[in-house]
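# Observations on the three-dimensional arrangement
This is what each chain is made of:
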Amino acid sequence: MITIKGLAKSFGKLEVLKDINIEIQAGEVVAILGPSGSGKSTLLRCINGLEELTKGSIEVNGIVIDASHSKKERVKKVREVRVHTGMVFQQFNLYPHKTALENVIEALLTVKKMDKTQAVKIGEDLLKRVGLFEKRDEYPSRLSGGQQQRVAISRALAMDPDVMLFDEPTSSLDPELVDEVLNVIQELAKEGMTMVIVTHEMNFARDVAGRVIFMADGVVVEEGNPKEFFAGPKTERARKFLKMEE
Ligand code: ADP
Ligand code: MG
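Predicted model only: the values in this text are computed from it and were never measured.

About the criteria used
Residues numbered from 1 in each chain as written. Chains lettered and ligands numbered in written order. Predicted model: local features only at pLDDT ≥ 70, side-chain atom pairs only at ≥ 80, totals over all residues. Heavy atoms only, no water. Buried < 20%, exposed > 50% of the residue type's maximum accessible area, 1.4 Å probe, protein only. Helix = DSSP H or I, 4+ residues; strand = E, 2+ residues; numbered from the N terminus. Pairing = 2+ DSSP bridges. Core = buried A, V, L, I, M, F, W, Y, C linked by side-chain atoms within 4.5 Å. Contact = heavy atoms within 4.5 Å.

Counted residue by residue, strand 3 (residues 29-33) has five buried out of five residues, so it is predominantly covered. Going residue by residue along strand 3, you find Val29, Ala31 and Leu33 tucked away on one face and Val30 and Ile32 tucked away on the opposite face as well. Of the pairings in the sheet, the one linking strand 3 to strand 8 (residues 194-198) comprises four bridges and is parallel in character. Across the sheet, the residue bridging to Ile32 is Val198, located in strand 8. Where strand 3 lies against strand 9 (residues 211-216), four bridges are found, and the strand directions are parallel. Bridge pairing links Val30 to Arg211 in strand 9.

Structure below.
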């Protein structure tokens, strides 16, 4: 579903990602772990076409974005990739002046040009799926952080993505609201959704991910089975990281 080859990304002189090679199969749930500043968000943003690649290529379900593409080609491919990937951010990024339902169906109306009745039907089903049907007409300011994040997940699902990308989806939530969001993500995993999740929730990574990728300083330091990784990381860098996360 996702093939990343020789990916490098720099901001000016700062090399944030260096020769990243990752392959993710359809239906896989991959947790990306690593200290702050290691390039995790940048990696997700590259997959979603939000960053221009410095070197290498990323293929998402057959759509290839290559660093060597012309600007015109890049714009075209990025547009395609965006439609096929759903992204959920730490800060929920909902439209404050739209209700929960309006947030969820926005892209269906504007990008997919769907008629309103059909979009509302899909939107309501998605809100039901995350347990928020009764909140459909509320504005984000009247929802808890956990509820806002579940609306954001519904909104990303509305486009029927091939891949869901999560960038620390629970990091700005009060502790008691974390589980309601993780439960929704776990349900998606059970349904076979391909997902890449940047997270600091180690228990969640161990229990839900099929694979963990540990990054530091812009490189993949270690990857493998979560149970094995948490029981005995192979590198000193990962050992140190896990100790700090305890
Ligand atoms: P992580 O998500 O693992 O904390 P990031 O991908 O956010 O790491 O950032 C990796 C590095 O890239 C950091 O040093 C950060 O300051 C830098 N960085 C990220 N985005 C930009 C940007 N748009 N311009 C300049 N530097 C950036
Ligand atoms: Mg980040």
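Looking now at the nonpolar core. Leu33, Ile153, Met164, Phe166, Ile185 and Met195 are the most contacted members of the largest nonpolar core, which totals 53 residues. If we skip the residues at most four places from it in the chain, Phe166 touches Leu44, Val88, Ile153, Ile185, Leu188, Met195, Val196, Ile197 and Val198. Of all hydrophobic cores here, the second largest spans 28 residues; its members include Ile32, Val60, Val78 and Val81.

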